[in-house]
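Inside the fold
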Amino acid sequence: MQRRNFLGQSAGIAALAMLTPWRATATTSARTIIIGGGFGGATCARYLRLLDPGLAVTLIESDAAFVTCPFSNLVLAGMRTVDEITHTYARLRASAITVIHDTATAIDADNRRVALASGKQLDYDRLIVAPGIALKFDAVPGYDTAAAELMPHAWKAGAQTLLLRRQLEAMNDGGVVVIAAPANPFRCPPGPYERASLIAHYLKQHKPRSKILILDTKDKFSKQSLFQQGWNALYPGMIEWVAGSAGGLVERVEAASRTLVTESGFTEHRADVVNFIPPQEAGQIAQQAELTDASGWCPVNQLSFESLRIPGIHVLGDAAIAGAMPKSGFSANSQAKVCAAAIVAALRGDPIPEASYANTCYSLVGPDYGISVSAVYALTDSAIAAVKGAGGLSPSDADPAFRAREAAYARGWYSSITADTWG
Ligand code: FAD
């Protein structure tokens, strides 16, 4: 199929395509390569194979196993171990997906070839780039990779999560934990506030005189009223949130003394533990391949996830600009299925099917206190938009049994999405 056709499907054609049943039979032996084995990339690999068993699917992932950011806040609170949020690629391999643990270092779009750190080169017919985020270490003066060893971001799960956990364990009762939250858009909009909640849960049990200060770049945040209601109910007086316009904007950090400077240098916050979450952009390989625009994220056709900058390359997950969808594991998983269906259709010369996308972000305020925001999305014109009336927030007047049920749903969601992603 010509690129202009692939990119130019009208809504009418797409609606007709929905009536065409999927043929999960081998019809093409095209070579697909996926860079990144996280929520987006691993799901895309699985669904490409499911939709067309004839496809040659190769997944390139730097790490031997994947530690999920979802539920990494539970590790900080001592509610889960890192092992319990680590997933291997064994089941993907068992589904005849070739998994290569290596790092993609360059993309040659003209010759449809990916270079790996090991020196290998791989040819593709379709490339999917799902590298997640890169942290912008240069954005706030003083916060560089060395500073991250003293003030962990823990925004990529694994060693950074454990470092922050050790710092919380070492802190004295009565200490101050500062969490600095970035501007939108960033990975997991409710994440910093779930983190504050679960750190408060840990401190309430072990160091009850301690405090948490959230210095925010923003003036409002995801599920704000639900979080604040939960904090008042479970941790009264323990968590203080400072909006950007009220002095929350961090302008500079001094990592050695664990100090954050706000309000044009007028206020210094010295903390015992600092969790500094820097601004973010698309993962490095996407930037290097010039898949990003001036925003630092990747513009895509939001039906096929094909790059608007380089044909034959699809970008999905956190790295992509996906309309109203938040940067979440659930979104990446949902986009990956839409992208896999679009690629298989394009390779077969079929019209691209109409897409429906979904996201639910559960957050735990405490082990038995869950809240959520969910939405169903559809493509309107060229951007993904939330469908009115489909989804919404947890009710504000819910009783404890309802909150406990939502916490149980959150745990169920984690089990099912990780099974759907890594098999
Ligand atoms: P990732 O999952 O980060 O995967 C990218 C992969 O690409 C990585 O494995 C990386 O090693 C690999 N990679 C990158 N570059 C290369 C390269 N050049 N070569 C080879 N491999 C490469 N989302 C939810 O839906 N629900 C939650 O409850 C939730 N909680 C969160 C809590 C926290 C604290 C945080 C930080 C995030 C949370 N998220 C949650 C968000 C979720 O983690 C991300 O949105 C999701 O991981 C994005 O998926 P992705 O595939 O785009 O990127």
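Residues numbered from 1 in each chain as written. Predicted model: local features only at pLDDT ≥ 70, side-chain atom pairs only at ≥ 80, totals over all residues. Heavy atoms only, no water.

**Here's the deal with the nonpolar core**
Core analysis: the biggest nonpolar cluster contains 115 residues, and Leu 48, Val 129, Ile 212 and Trp 231 have the highest contact counts within it. Sort the elements by how many residues they give to this core and helix α10 (residues 329–348) lands first, with 10 residues. Residues Ala 148, Val 178, Val 242 and Phe 276 belong to the second largest nonpolar core, which totals 17 residues. (Core = buried A, V, L, I, M, F, W, Y, C linked by side-chain atoms within 4.5 Å. Buried < 20%, exposed > 50% of the residue type's maximum accessible area, 1.4 Å probe, protein only. Helix = DSSP H or I, 4+ residues; strand = E, 2+ residues; numbered from the N terminus.)

**Considering the pattern of salt bridges**
Counting across every chain of the model gives 12 salt bridges. Here Arg 209 ties to Asp 173 by a salt bridge, and the two come within 3.6 Å at their closest N and O atoms. Linking Arg 209 in the loop between α7 (191–206) and β12 (211–216) with Asp 173 in the loop between α6 (159–170) and β11 (176–181), this pair joins segments that are 36 residues apart in sequence. Take Arg 209: its relative accessible area is 57%, and that puts it in the exposed class. According to the relative accessible area criterion, Asp 173 is partly exposed, its value standing at 28%. Each of Arg 46, Lys 337 and Asp 420 takes part in a single network of salt bridges with overlapping partners. (Salt bridge = Lys/Arg side-chain N within 4 Å of Asp/Glu carboxyl O.)

**Re the site of the ligand**
Near the ligand there are 35 residues, and of these Gly 40, Glu 61, Arg 187, Asp 318 and Gly 329 occur at the shortest range. For the ligand, a nitrogen atom lies 2.9 Å from a polar atom in the backbone of Ala 104. Arg 187 places a side-chain nitrogen or oxygen 2.6 Å from an oxygen atom of the ligand. If the ligand stood free it would expose 1,000 Å²; the protein chains cover 93% of that surface. Within the residue set of the shell around the ligand, elements represented by two or more residues are α3 (39–51), β2 (56–61), α4 (72–76) and α10. When residues of the shell around the ligand are assigned to their parent elements, the largest contribution, three residues, is made by α10. (Near = heavy atom within 4 Å. Polar contact = N/O pair within 3.5 Å; in protein donor to acceptor, adjacent residues only side chain to side chain. Areas by Shrake-Rupley, 256 points an atom, 1.4 Å probe, with all protein chains shown as cover.)

**Concerning α7**
Counting along an α-helix, one turn takes 3.6 residues, and residues three or four places apart therefore face a common direction. Given a rise of 1.5 Å per residue, 16 residues ought to cover 22 Å, and the 23 Å separating the end C-alpha atoms of α7 matches this to within 8%. Within α7, 13 of the 16 residues are buried, which leaves the element mostly enclosed by the surrounding structure. (Expected span 1.5 Å × (residues − 1).)

**Remarks on the packing of α7 against helix α8 (residues 224–234)**
α8 packs onto α7 with a crossing angle of 5° between their chain directions and a minimal axis gap of 11 Å. Classified by the angle between their axes, α7 and α8 sit roughly parallel to one another. Between α7 and α8, the residues in contact are Tyr 193, Glu 194, Ala 196, Ser 197 and Lys 204 and Phe 227, Trp 231 and Leu 234, respectively. Taken together, the residues of the contact of α7 with α8 sort by class into five nonpolar, one polar and two charged. (Axes fitted to C-alpha atoms, helices over the stretch in contact; angles between N-to-C directions. Parallel < 35°, antiparallel > 145°, perpendicular 65-115°, else oblique. Contact = heavy atoms within 4.5 Å. Nonpolar A, V, L, I, M, F, W, Y, C, P; charged D, E, K, R; others polar.)

**Some details on the side chain of Asn 301**
Note that Asn 301 resides in the loop between β19 (298–299) and β20 (313–315). A distance of 2.7 Å separates a polar side-chain atom of Asn 301 from the backbone nitrogen of Leu 303.

**Some words on the sheet that holds strand β13 (residues 239–242)**
In spatial order, the strands read β13-β12-β11-β17; together these four strands make up an open sheet with parallel pairing. Of all the strands in the sheet, just β13 and β17 (273–276) have a single pairing partner and so form its edges. In this sheet, neighbouring strand axes are inclined to one another by 15° on average, regardless of whether the strands run parallel or antiparallel. The pairing of β12 with β13 spans four bridges and is classified as parallel. When the bridges of β13 are listed, Ile 212 appears paired with Ile 239. (Pairing = 2+ DSSP bridges.)

**Examining the side chain of Thr 32**
Inspection of the secondary structure puts Thr 32 in strand β1 (residues 31–35). Assessed through its relative accessible area of 0%, Thr 32 is described here as buried. Beyond its immediate chain neighbours, meaning those up to four positions away, Thr 32 contacts Leu 48, Leu 55, Ala 56, Val 57, Thr 58, Arg 126 and Ile 343.

**Some details on α8**
Of the residues making up α8, those classed as buried are Gln 224, Leu 226, Phe 227, Gly 230 and Trp 231. Projected down its long axis, α8 carries its buried residues within an arc of 165°, all on one side. Facing away from the buried surface of α8 by more than 90 degrees, the exposed residues are Asn 232 and Ala 233. (Arc of directions from axis to C-beta.)

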